[in-house]
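# Remarks on the overall topology
Listed below are the residues making up each chain.
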Amino acid sequence: MKLFSLSVLYKGTTKSNLLKAAYDLSSFSFFQKTSVQEFMTFTSDLIVQRSSIGSRASVKEQEYLCHVYVRNDSLGAVVIADGEYPSRVCFTLLDKVLEEFSRQVSSIDWPSGSPDTVHYTALDSYLAKYQNPREADAMSKVQAELDETKIILHNTMESLLERGEKLDDLVQKSEHLGNQSKAFYKTARKQNSCCEVM
(Lines give C-alpha, C1' and ligand atoms only; values in the text may rest on other atoms or scores of the structure.)
Protein backbone atom coordinates (compact mmCIF):
# COMPACT_ATOMS: atom_id res chain seq x y z
CA MET A 1 0.00 0.00 0.00
CA LYS A 2 1.50 3.27 -1.10
CA LEU A 3 0.62 6.88 -1.88
CA PHE A 4 2.55 8.45 -4.74
CA SER A 5 1.09 11.93 -5.18
CA LEU A 6 -1.05 14.47 -3.34
CA SER A 7 -2.13 17.61 -5.21
CA VAL A 8 -4.33 20.62 -4.51
CA LEU A 9 -5.87 22.32 -7.55
CA TYR A 10 -8.39 25.03 -8.34
CA LYS A 11 -11.05 24.10 -10.90
CA GLY A 12 -11.54 27.14 -13.09
CA THR A 13 -14.22 27.58 -15.76
CA THR A 14 -11.95 26.50 -18.63
CA LYS A 15 -8.98 24.80 -16.97
CA SER A 16 -7.69 23.74 -13.59
CA ASN A 17 -4.79 25.37 -11.80
CA LEU A 18 -2.20 23.42 -9.79
CA LEU A 19 -1.70 25.18 -6.46
CA LYS A 20 0.52 22.75 -4.56
CA ALA A 21 1.73 19.16 -4.91
CA ALA A 22 3.80 16.57 -3.06
CA TYR A 23 5.26 13.36 -4.47
CA ASP A 24 6.78 10.17 -3.13
CA LEU A 25 8.65 8.67 -6.06
CA SER A 26 11.11 6.60 -4.04
CA SER A 27 9.86 3.37 -5.65
CA PHE A 28 10.84 4.60 -9.13
CA SER A 29 14.33 4.70 -10.62
CA PHE A 30 16.23 7.96 -10.92
CA PHE A 31 15.65 8.09 -14.67
CA GLN A 32 11.88 7.56 -14.35
CA LYS A 33 11.16 10.08 -11.57
CA THR A 34 10.80 13.19 -13.75
CA SER A 35 8.52 11.49 -16.26
CA VAL A 36 6.41 9.85 -13.55
CA GLN A 37 6.01 13.17 -11.71
CA GLU A 38 4.96 14.93 -14.93
CA PHE A 39 2.47 12.15 -15.69
CA MET A 40 0.98 12.36 -12.17
CA THR A 41 0.67 16.16 -12.44
CA PHE A 42 -1.00 15.84 -15.85
CA THR A 43 -3.37 13.12 -14.60
CA SER A 44 -4.33 15.11 -11.50
CA ASP A 45 -5.02 18.19 -13.62
CA LEU A 46 -7.11 16.23 -16.13
CA ILE A 47 -9.15 14.47 -13.44
CA VAL A 48 -10.02 17.76 -11.71
CA GLN A 49 -10.96 19.34 -15.06
CA ARG A 50 -13.31 16.46 -15.86
CA SER A 51 -14.85 16.18 -12.38
CA SER A 52 -18.03 17.97 -11.43
CA ILE A 53 -18.00 20.57 -8.68
CA GLY A 54 -19.08 19.02 -5.39
CA SER A 55 -18.12 15.47 -6.39
CA ARG A 56 -15.86 12.65 -5.27
CA ALA A 57 -14.61 9.94 -7.59
CA SER A 58 -12.01 7.21 -7.99
CA VAL A 59 -10.43 6.65 -11.39
CA LYS A 60 -8.35 3.60 -12.25
CA GLU A 61 -5.28 4.22 -14.40
CA GLN A 62 -3.26 1.04 -15.03
CA GLU A 63 -2.34 -0.29 -11.55
CA TYR A 64 -2.99 3.07 -9.86
CA LEU A 65 -6.13 4.56 -8.36
CA CYS A 66 -6.63 8.31 -8.56
CA HIS A 67 -9.02 9.65 -5.93
CA VAL A 68 -10.43 13.12 -6.51
CA TYR A 69 -12.58 15.47 -4.46
CA VAL A 70 -13.74 18.80 -5.87
CA ARG A 71 -15.56 20.94 -3.32
CA ASN A 72 -18.42 23.34 -4.03
CA ASP A 73 -16.00 26.27 -3.85
CA SER A 74 -14.03 24.76 -6.82
CA LEU A 75 -11.07 23.77 -4.65
CA GLY A 76 -10.04 20.22 -5.47
CA ALA A 77 -7.49 17.63 -4.44
CA VAL A 78 -6.20 14.43 -5.97
CA VAL A 79 -4.31 11.57 -4.35
CA ILE A 80 -2.71 8.87 -6.49
CA ALA A 81 -2.28 5.53 -4.75
CA ASP A 82 -1.72 1.91 -5.62
CA GLY A 83 -4.71 -0.39 -5.99
CA GLU A 84 -4.40 -1.83 -2.48
CA TYR A 85 -4.65 1.47 -0.61
CA PRO A 86 -8.08 1.89 1.09
CA SER A 87 -10.30 4.41 -0.72
CA ARG A 88 -11.97 5.58 2.49
CA VAL A 89 -8.61 6.64 3.94
CA CYS A 90 -7.78 8.53 0.72
CA PHE A 91 -11.00 10.53 0.92
CA THR A 92 -10.40 11.25 4.61
CA LEU A 93 -6.96 12.59 3.65
CA LEU A 94 -8.44 14.74 0.85
CA ASP A 95 -11.03 16.19 3.27
CA LYS A 96 -8.35 17.12 5.82
CA VAL A 97 -6.01 18.64 3.24
CA LEU A 98 -8.69 20.75 1.56
CA GLU A 99 -10.06 21.98 4.88
CA GLU A 100 -6.63 23.00 6.14
CA PHE A 101 -5.57 24.47 2.79
CA SER A 102 -8.69 26.65 2.57
CA ARG A 103 -8.02 27.99 6.08
CA GLN A 104 -4.37 28.83 5.37
CA VAL A 105 -4.52 30.05 1.76
CA SER A 106 -6.90 32.85 0.79
CA SER A 107 -9.47 31.98 -1.88
CA ILE A 108 -8.36 35.12 -3.78
CA ASP A 109 -5.06 33.34 -4.55
CA TRP A 110 -6.64 30.12 -5.89
CA PRO A 111 -7.35 31.14 -9.51
CA SER A 112 -3.89 32.66 -10.12
CA GLY A 113 -1.69 30.79 -7.63
CA SER A 114 1.11 28.38 -8.48
CA PRO A 115 3.22 25.92 -6.48
CA ASP A 116 5.93 28.58 -6.19
CA THR A 117 3.64 31.38 -4.93
CA VAL A 118 1.30 29.42 -2.64
CA HIS A 119 2.68 29.11 0.88
CA TYR A 120 1.35 25.82 2.19
CA THR A 121 3.88 23.29 3.46
CA ALA A 122 1.78 20.50 4.97
CA LEU A 123 1.38 18.32 1.85
CA ASP A 124 4.73 16.55 2.25
CA SER A 125 4.01 15.72 5.90
CA TYR A 126 0.50 14.46 5.05
CA LEU A 127 1.91 12.29 2.26
CA ALA A 128 4.48 10.82 4.64
CA LYS A 129 2.01 10.34 7.51
CA TYR A 130 -0.59 8.59 5.37
CA GLN A 131 1.85 6.08 3.81
CA ASN A 132 0.66 3.66 6.46
CA PRO A 133 -3.14 3.91 6.49
CA ARG A 134 -3.43 1.97 9.75
CA GLU A 135 -1.37 4.52 11.63
CA ALA A 136 -2.84 7.60 9.98
CA ASP A 137 -6.50 6.68 10.18
CA ALA A 138 -8.01 5.66 13.52
CA MET A 139 -10.78 3.61 11.89
CA SER A 140 -8.27 1.59 9.85
CA LYS A 141 -6.18 1.01 12.96
CA VAL A 142 -9.20 -0.33 14.86
CA GLN A 143 -10.20 -2.51 11.88
CA ALA A 144 -6.68 -3.95 11.67
CA GLU A 145 -6.74 -4.76 15.39
CA LEU A 146 -10.15 -6.43 15.01
CA ASP A 147 -8.91 -8.49 12.07
CA GLU A 148 -5.88 -9.55 14.10
CA THR A 149 -8.11 -10.52 17.04
CA LYS A 150 -10.34 -12.57 14.73
CA ILE A 151 -7.31 -14.46 13.44
CA ILE A 152 -6.07 -15.16 16.97
CA LEU A 153 -9.55 -16.20 18.09
CA HIS A 154 -9.98 -18.44 15.03
CA ASN A 155 -6.59 -20.09 15.66
CA THR A 156 -7.48 -20.61 19.32
CA MET A 157 -10.81 -22.22 18.42
CA GLU A 158 -9.09 -24.50 15.91
CA SER A 159 -6.52 -25.58 18.47
CA LEU A 160 -9.30 -26.24 21.01
CA LEU A 161 -11.23 -28.33 18.52
CA GLU A 162 -8.10 -30.28 17.65
CA ARG A 163 -7.46 -30.82 21.34
CA GLY A 164 -11.08 -31.95 21.78
CA GLU A 165 -10.75 -34.47 18.98
CA LYS A 166 -7.55 -35.82 20.50
CA LEU A 167 -9.25 -36.04 23.88
CA ASP A 168 -11.98 -38.23 22.32
CA ASP A 169 -9.33 -40.61 21.00
CA LEU A 170 -7.60 -40.71 24.37
CA VAL A 171 -10.85 -41.52 26.19
CA GLN A 172 -11.57 -44.40 23.82
CA LYS A 173 -8.06 -45.81 24.17
CA SER A 174 -7.86 -45.45 27.92
CA GLU A 175 -7.85 -48.66 29.87
CA HIS A 176 -8.05 -46.86 33.18
CA LEU A 177 -11.48 -45.37 32.63
CA GLY A 178 -14.40 -47.57 33.45
CA ASN A 179 -17.39 -47.99 31.14
CA GLN A 180 -19.44 -45.62 33.29
CA SER A 181 -16.82 -42.89 32.97
CA LYS A 182 -16.68 -43.38 29.21
CA ALA A 183 -20.49 -43.20 29.00
CA PHE A 184 -20.48 -40.07 31.16
CA TYR A 185 -17.86 -38.44 28.90
CA LYS A 186 -19.85 -39.29 25.76
CA THR A 187 -23.08 -37.90 27.27
CA ALA A 188 -21.32 -34.71 28.36
CA ARG A 189 -19.75 -34.38 24.91
CA LYS A 190 -23.19 -34.71 23.25
CA GLN A 191 -24.68 -32.11 25.61
CA ASN A 192 -21.87 -29.66 24.82
CA SER A 193 -22.03 -30.27 21.07
CA CYS A 194 -24.89 -27.77 20.74
CA CYS A 195 -22.39 -25.05 21.56
CA GLU A 196 -19.69 -25.97 19.03
CA VAL A 197 -18.39 -23.25 16.74
CA MET A 198 -18.40 -24.17 13.07
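Residues numbered from 1 in each chain as written. Predicted model: local features only at pLDDT ≥ 70, side-chain atom pairs only at ≥ 80, totals over all residues. Heavy atoms only, no water.

- An unreviewed UniProt entry annotates the chain as YKT6 v-SNARE homolog (S. cerevisiae) of Hucho hucho.

## Details of the sheet that holds strand β2 (residues 16–23)
- Taken in spatial order, the five strands make up an open sheet running β2-β1-β5-β4-β3, and their pairing is antiparallel. Of all the strands in the sheet, just β2 and β3 (55–61) have a single pairing partner and so form its edges. Between one strand axis and the next, the sheet turns by 20 degrees as a mean value, whatever way the strands run.
- Note: strand β1 (residues 3–11) against β2, seven bridges, orientation antiparallel. Looking across to β2, one finds that Val8 is bridged to Lys20. (Pairing = 2+ DSSP bridges. Helix = DSSP H or I, 4+ residues; strand = E, 2+ residues; numbered from the N terminus. Axes fitted to C-alpha atoms, helices over the stretch in contact; angles between N-to-C directions.)

## Remarks on the side chain of Ser55
- Along the chain, Ser55 turns up in strand β3.
- On the basis of relative accessibility, which here comes to 18%, the residue Ser55 falls in the buried class.
- Reaching out from Ser55, the side chain makes a polar contact with the backbone oxygen of Ser52 at a distance of 2.5 Å.
- The contacts of Ser55, once residues within four sequence positions are left out, are Val68, Tyr69 and Val70. (Buried < 20%, exposed > 50% of the residue type's maximum accessible area, 1.4 Å probe, protein only. Polar contact = N/O pair within 3.5 Å; in protein donor to acceptor, adjacent residues only side chain to side chain. Contact = heavy atoms within 4.5 Å.)

## Considerations on helix α1 (residues 30–50)
- Compared with the 30 Å implied by 1.5 Å per residue over 21 residues, the 31 Å span of α1 between its first and last C-alpha is a close match.
- Listed in full, the buried residues belonging to α1 are Val36, Met40, Thr43, Ser44, Ile47 and Val48. Across the axial projection of α1, the buried residues extend over an arc of 120 degrees, all falling on one side. Residues Phe31, Thr34, Glu38, Phe42 and Arg50 are exposed on α1 and point more than 90 degrees away from its buried face. (Expected span 1.5 Å × (residues − 1). Arc of directions from axis to C-beta.)

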